[in-house]
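Structural characterization, general
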Amino acid sequence: MSHWITGKDAPLEESVAAMTRILKDLGFDLQESAWMHQIDPVYSVRLSQRDCPAVASNGKGTTELAARASALGEMIERLACRHFFADYYLARQDAPWVYDPREQWFSASEASLEAIFPPHLREIYDPTGELEPTDLLDHNGPLGDGHICCLPFERSSDGSRQWLPVSLLGNLYASNGMAVGNSLAEARVQALCEIIERSVKYQMIGQGLSLPVIPAEVWQGFPAVKSAVEQLQQKGYGLRLLDASLGGRFPATAAVLMEQTSGRCLWSFGSHPLLEVSLERTITELLQGRPLYSAEGLRFPSWDREAVASTSNLETHFIDSSGLVHMDSLRQPADYAFTHWNGSADSHQQWQDLLTLFQEMGQDLYLIDQSHLGFPACQIIAPGFSEIYPPEELVWNNTYRAAPLRPRILRLPRLKYPEIHQLWQQWNELDPEPWRPMLEALGIAMPANQEGLLWQDMLSGDVKMLIALAVGERDEALEWLEQRLQLPCHHGRNQALLHCLHTVLMENQQDDGACPLPLEELIAPDILRQARQLAAGHLSALEELPLDNNSPHQAVLSAYQKIVDAQQANRESF
């Protein structure tokens, strides 16, 4: 017997078999974990590559089979669109292509924003007039020359081609607008629904909007939805189902889980042209990987409108929906009247209807098909509508700001003074975010729980501090270190080393007549020795970066090579 989900173009059994076969043929050894089934119509699961934790996905559905299909779909979507690898150093400078056989590279020194973006896109991506071509450099390109990698997207309104920088996609959109489907139309519908869901969420939370309640006589006609509401009520939770269409404009819904014993809430959103499917997605999203007993993510409604509307709070909602929501969003009557919307069950018609919606909004869509793994996949962006992070991030918080430092930092323990001085000057010119983990900023996969590995706890500011000591800027190094000690390290030895380094630097500033501290009694010999060497500016006291053949980063590169091999074998699909 085959199981169909309304709006899908193939039964679940067929989808699961096809995706499982593709992933096995690619060479991925996947394992399921964290199965959750707290109420009958909600299942969730985590799927991961056994030897590469960076390759992992989550699935949800109203049945176990639907949740498995969801996890497999997210896995293929993020492999096909290379989202799993977007922030990593891929070491492919000499390869025929880095990301995609269709990619093109442009010199930042020769390119201009006018050549990269047409006027309407420049208005969106450079609202303050501060963006420079160097803000679009690709962190996997030839960094010394400064190049921008672009992929060819198709503009939905006229079919024209628009080259969009990979760094733009990574900095502003994350995974938003990536999707797979049993057909390309289904994948595109899924991608646009995801974009709608997140845009409506941002508008509602950011503006403190109140959404209309969906009448019980409407949702009681949907068996899975009705069962979920009743079972949550039995467990002591209230569940309010809301029409998030903003007056019938968008096919979107929301739900508020209310823990009545504490007064805390958790919001989730969903989107699909069919109201029933949208509500099912909203409820399964609400409980995906989230134990009810732990109250994880539930927050008290806030009265602080500025905090609720802040960029950081909206980003938290994108990550795990655990951000703040204003108390006014619970008020009734709502800011909109309830609209009983519903669309076609045919995926091709759904795609056409959604295209019409965006055309009527005057909103451009840019599409790129990514079906080279053998399953329909795509990425869609809607400039000015689907950004997860504000365009200003390209200038002020660029994810790849530290990438040009990578060649020297990879050799940091072996650098001689002239290069150390050059690195110091380069660092001050680039000014990367000091509180970001250094390995993350370099695109290096971090080892998990390796006690004693200083790189595991090193922030960007920590590395700058050590370089400052090497070039004689001790006051600047000490100023950073005194701030840094307020933030704990993950591992005790690293915390002890930083405190010891601070002690050594402070002791070195004491008058010659001061009585010496009994440091040999106070601190372990290996920690004291390393701290003294670093205080003296000896970067050779650092261990090499974790890039050996058994490192987590090599596991990332091995996983990525599987995708490159599939691209090579399916060049005709591009």
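Along each chain, residues carry numbers from 1 onward, in the same order as the chain's sequence is written. Residues qualify for local features only when their pLDDT is at least 70, as the model is predicted, and side-chain atom pairs are given and counted only at 80 or more; totals for whole chains, interfaces and linings, by contrast, use all residues. Processing note: side-chain calculations cover all non-hydrogen atoms of the structure and skip hydrogens and water entirely.

Labelled according to an unreviewed UniProt entry, the protein appears under the name YcaO domain-containing protein, originating from Desulfurispirillum indicum.

**Things to note about the nonpolar core**
Joining through side-chain atoms within 4.5 Å is the link that ties buried Ala, Val, Leu, Ile, Met, Phe, Trp, Tyr and Cys residues into a set, and such a set is a nonpolar core. Type-normalised accessible area, obtained with a 1.4 Å probe on protein chains alone, sets the label of each residue: buried when under 20%, exposed when over 50%, and partly exposed for intermediate values. Grouped together as the largest cluster of nonpolar side chains are 69 residues, with contacts concentrated most on Val 55, Leu 79, Phe 85 and Phe 117. We count a stretch as a helix when DSSP gives it H or I for four or more residues in a row; a strand needs E for two or more, and each element gets its number in order from the N terminus. Broken down by element, the residue count for this core peaks at nine residues, all from helix α2 (residues 64-80). A domain assignment, automatic or from a database, supplies the domain bounds used here. For this core, the two domains that each supply at least three residues are domain 1 (12-87) and domain 2 (98-173 + 363-395). Only heavy atoms enter the contact rule, under which two residues are in contact if any of them lie within 4.5 Å. Discounting chain neighbours no more than four positions away, the residues touching Phe 117 are Arg 122, Tyr 125, Leu 131, Leu 136, Leu 164, Pro 165 and Leu 168.

**Digging into the pairing of strand β12 (residues 377-381)**
Extensive coverage of β12 is indicated by the burial of five of its five residues. In β12, alternate side chains face the same way, and those of Ala 377, Gln 379 and Ile 381 on one face and Cys 378 and Ile 380 on the other are all buried. Bridge analysis of strand β7 (residues 178-180) against β12 gives three bridges, and the strand direction is antiparallel. Opposite Ala 179, over in β12, you have Cys 378 as the bridge partner. Here, strands pair whenever DSSP counts at least two bridges between them. Taken together, the four bridges between strand β11 (residues 366-369) and β12 define a ladder with antiparallel strand orientation. Bridging across to β12, Leu 367 finds its partner in Ile 380.

**What about the sheet that holds strand β3 (residues 52-61)?**
Pairing is antiparallel in the open sheet, where three strands are placed in the order β1-β2-β3. Taken across any chain shown, the strands that pair with only one partner, and hence form the sheet edges, are β1 (30-39) and β3. Each strand axis lies, on average, 15 degrees off the axis of its neighbour in the sheet, ignoring direction. Examined bridge by bridge, β1 and strand β2 (residues 42-49) share six bridges and lie antiparallel to one another. Think of each axis as a best-fit line through the C-alpha atoms, taken over the contacting stretch in the case of a helix, with angles from 0 to 180 degrees between the N-to-C directions.

**Digging into the pattern of salt bridges**
Put simply, a salt bridge is a Lys or Arg side-chain nitrogen that is within 4 Å of an Asp or Glu carboxyl oxygen. Going through the model one piece at a time under the given rule, you end up with 26 salt bridges. Close ionic contact of Asp 369 with Arg 188 constitutes a salt bridge, the shortest N to O distance being 3.2 Å. With Asp 369 in strand β11 and Arg 188 in helix α6 (residues 184-207), this pair connects stretches of sequence that are 181 residues apart. Here Arg 188 falls in the buried class, since its relative accessible area comes to 18%.

**Things to note about the packing of aromatic side chains**
Note on aromatic contacts: the rings of Phe and Tyr and the six-membered ring of Trp form a pair at centre separations within 6.5 Å, being stacked when their planes are under 30 degrees apart, edge-to-face when over 60 apart, and tilted otherwise. In this structure the tally under the stated criterion is six aromatic pairs. With a centroid separation of 6.4 Å and 85 degrees between ring planes, the pair formed by Phe 84 and Phe 85 is classed as edge-to-face. By relative accessible area, which is 2% here, Phe 85 ends up buried. Ring centres of Trp 435 and Trp 480 lie 4.5 Å apart, and the angle between their planes is 45 degrees; on these two criteria the pair is classed as tilted. Linking Trp 435 in the loop between α15 (417-430) and α16 (438-442) with Trp 480 in helix α18 (residues 474-484), this pair joins segments that are 45 residues apart in sequence. When its relative accessible area of 36% is taken as the criterion, Trp 435 is described as partly exposed. Grouped by ring-pair contacts, the aromatic residues Phe 84, Phe 85 and Tyr 560 constitute a single cluster. As a reminder, the over-ring test applies to NZ of lysine and CZ of arginine, requiring each to be within 6 Å of the ring centre and within 35 degrees of the ring normal. Note that Lys 562 overlies the ring of Phe 28, its terminal NZ or CZ placed 5.7 Å from the centroid.

**Topic: the side chain of Arg 82**
Positionally, Arg 82 belongs in the loop between α2 and β4 (104-107). Apart from residues lying up to four places away in sequence, Arg 82 is in contact with Tyr 99, Asp 100, Leu 151, Gln 370, His 372, Tyr 560 and Gln 567.

**Quick notes on α2**
End to end, α2 covers 24 Å across 17 residues, agreeing with the expected 24 Å (1.5 Å per residue, within 8%). Burial of α2 is extensive: 13 of the 17 residues sit out of reach of the surface. Just downstream of α2 lies Arg 82, where phi reads positive at about 65 degrees. One fewer than the residue count of a helix, multiplied by 1.5 Å, yields its expected span.

**Regarding a negative patch on the surface**
Residues enter patches when they are more than 30% accessible in relative terms and free of salt bridges; like-charged ones are connected within 9 Å and nonpolar ones (Val, Leu, Ile, Met, Phe, Trp, Tyr) within 5 Å. The Shrake-Rupley method, run with a 1.4 Å probe sphere, supplies the accessible areas, and residue values consider only the shown protein chains as cover. Charged-residue counts in this description rest on Lys and Arg as positive and Asp and Glu as negative, His and the chain ends being excluded. By convention, the charge on Lys lies at NZ, on Arg at CZ, on Asp at CG and on Glu at CD. Judged by side-chain charge, Glu 473, Asp 475, Glu 479 and Glu 482 come together as a negatively charged surface patch. Here Asp 475 is to be found in helix α18.

**Things to note about the domain arrangement of the protein**
According to the domain assignment, the protein contains domain 1 (12-87), domain 2 (98-173 + 363-395), domain 3 (191-361) and domain 4 (401-444 + 447-544). Residue-level contacts link 13 residues of domain 2 with 16 residues of domain 3. Accessible area that two parts lose when put together, with a 1.4 Å probe and added across both, is what the buried area reports. Its largest share of buried area at the contact with domain 3, domain 2 owes to Gln 363, Phe 385 and Ile 388, together 47% of the area lost on that side. If you look at where domain 2 meets domain 3, you find zero salt bridges. Polar contact is the term for a pair of N or O atoms within 3.5 Å; when the atoms are in protein, one must be able to donate a hydrogen and the other to accept it, and sequence-neighboring residues count only if both atoms are side-chain atoms. The interface formed by domain 2 and domain 3 includes two residue pairs in polar contact (both at pLDDT 80 or more). A per-class count over the side of domain 2 that touches domain 3 returns eight nonpolar, three polar and two charged. As a working rule, the residues Ala, Val, Leu, Ile, Met, Phe, Trp, Tyr, Cys and Pro are called nonpolar, Asp, Glu, Lys and Arg charged, and the rest polar, with Gly in that last group.

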